[in-house]
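Given next are the chains, with one letter for each unit.
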Amino acid sequence: MQQPLVIAAPDVILEQQHWLAQLIQERRLSAKTAEAYERDLRQFLSFLTGHLGGPPRIADLADLKPLDLRAFMAVRRRQGAGARTLGRGLAGIRSFLRHLERKGLANAAGAAATRAPKQPKSLPRPLNARDACRVVDTDLQLADEPWIAARNAAVLTLLYGCGLRISEALSLTIADLPQGGESLRITGKGDKTRLVPLLPIARQAVDAYLKLCPYAPAPDAPMFRGARGGPLQPAIVQKEMRRLRGALDLPDSATPHALRHSFATHLLAGGGDLRTIQELLGHASLSTTQVYTGVDTSRLIEIYDRAHPRA
């Protein structure tokens, strides 16, 4: 009968068990996350068994160099691991070495000095137009109190109808609302300001919320309030979106930020040009907008054929 492969010395296995117990009990990591960390560390210890010529001991881990970690990641990349998998694996190894460092058993500086692979840019998938309209419908909000349902609808309508970030929507004040105007002045990242159209349906949603809100906000105070009257927090908006996902049978990719993404994507699909969408979103670079809206070569050729004088 074949003997099971020994991937680490007993002292390492004991500390691994203590580390995992600490992750679950003290740091409240989910069982799936702890399982992923355990698997990543097991792969690393298995690599070290071959790399060092025998099951690694605590003393071997104490002598680890960045070169050893880079060699492990090179092996995992050849096995097909992507940047996200490698990044998570390195995070798990660092966590274990920091656990040993706190006990005076190792130095985690080598792991800390090892750079994680560059992560690919990812964006939430846009909702289709029908689902986006359902999300912002006041009648479909799940809050028991009418004013909170109106508040949620107003915030989500600003994300989809104006392309705002959550932080931008929640920082709006009464003073930011135009008196009879049709645009909002938004202060975005880097304190850059931009003008975005305030669609009638968005203004109606905001006005409906303000009419029902039991708290009268000062002109320079946040317009959107939490249930107890304090400024509305992004986590509450995200929580309400999760509830809507379940109620409306939407995919996990349906997040508040996906509404901003949907705003841009649907504008482009409707014939909007990239430069205008860039201004509306507050992107510093047109290339960011191109990635954000998922523009591909065929779409660029279509724009060229329709707009260029020599097309």
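All residue numbers refer to position in the chain's written sequence, counted from 1. A pLDDT threshold of at least 70 governs which residues receive local features in this predicted model, and a stricter bar of 80 or more applies before side-chain atom pairs are shown or counted, although totals over entire chains, interfaces and linings include all residues. Side-chain metrics in this entry use all non-hydrogen atoms of the structure; hydrogen atoms and water are not considered.

(A) Just the packing of aromatic side chains, in detail. Pairing of aromatic rings covers Phe, Tyr and Trp, the last counted by its six-membered ring, and requires centre-to-centre distances within 6.5 Å; plane angles under 30 degrees mean stacked, over 60 mean edge-to-face, and any other angle means tilted. Applying the stated criterion across every chain yields a total of eight aromatic pairs. Between the aromatic rings of Trp19 and Phe96, the centroid separation amounts to 5.4 Å while the plane-to-plane angle is 65 degrees, which identifies the pairing as edge-to-face. Of this pair, Trp19 sits in helix H1 (residues 10-25) while Phe96 sits in helix H5 (residues 83-102); the two residues are 77 residues apart in sequence, bridging distant segments of the chain. There is no split in this pair, since Trp19 and Phe96 are both buried. Each residue in the set Trp147, Tyr209, Tyr215 and Phe224 is aromatic and connected to the rest through ring pairs, giving one cluster. In this text, helices come from DSSP runs of H or I with a minimum length of four residues, and strands from runs of E with a minimum of two, each type numbered from the N-terminal end. With a 1.4 Å probe rolled over the protein chains alone, any residue whose accessible area is under 20% of its type maximum counts as buried; one over 50% counts as exposed, and the rest are partly exposed.

(B) Region of interest: the side chain of Asp40. Position of Asp40 relative to the elements: it lies in helix H2 (residues 31-52). Judged by relative accessible area, which is 2%, Asp40 ranks as buried.

(C) Quick look at the confidence of the model for the protein. In predicted models, pLDDT denotes the confidence assigned by the predictor to each residue on a 0 to 100 scale. Of all residues in the protein, 89% have pLDDT values of 70 or greater, and the mean over the chain is 84. Confidence scores differ between elements of the protein, with helix H15 (residues 297-307) showing the lowest mean pLDDT of 65 and helix H8 (residues 146-162) the highest of 93.

(D) Quick peek at the pattern of salt bridges. Any carboxyl oxygen of Asp or Glu within 4 Å of a side-chain nitrogen of Lys or Arg constitutes a salt bridge here. For the structure on display, the rule yields 10 salt bridges. Across the pair Asp40 and Arg88 runs a salt bridge, and its minimum N-O distance is 2.8 Å. Here the residue Asp40 occupies a position in helix H2, and Arg88 occupies one in helix H5, the gap between them amounting to 48 residues. For Arg88, a relative accessible area of 31% gives the class partly exposed. Residue Asp131 is joined to Arg130 by a salt bridge in which the shortest nitrogen-to-oxygen separation is 3.6 Å. Asp131 sits in the buried class, given a relative accessible area of 13%. Relative accessible area serves as the criterion here: at 59%, Arg130 is assigned to the exposed category. Linked through salt bridges whose partners overlap, the residues forming this network are Arg130, Asp131 and Arg134.

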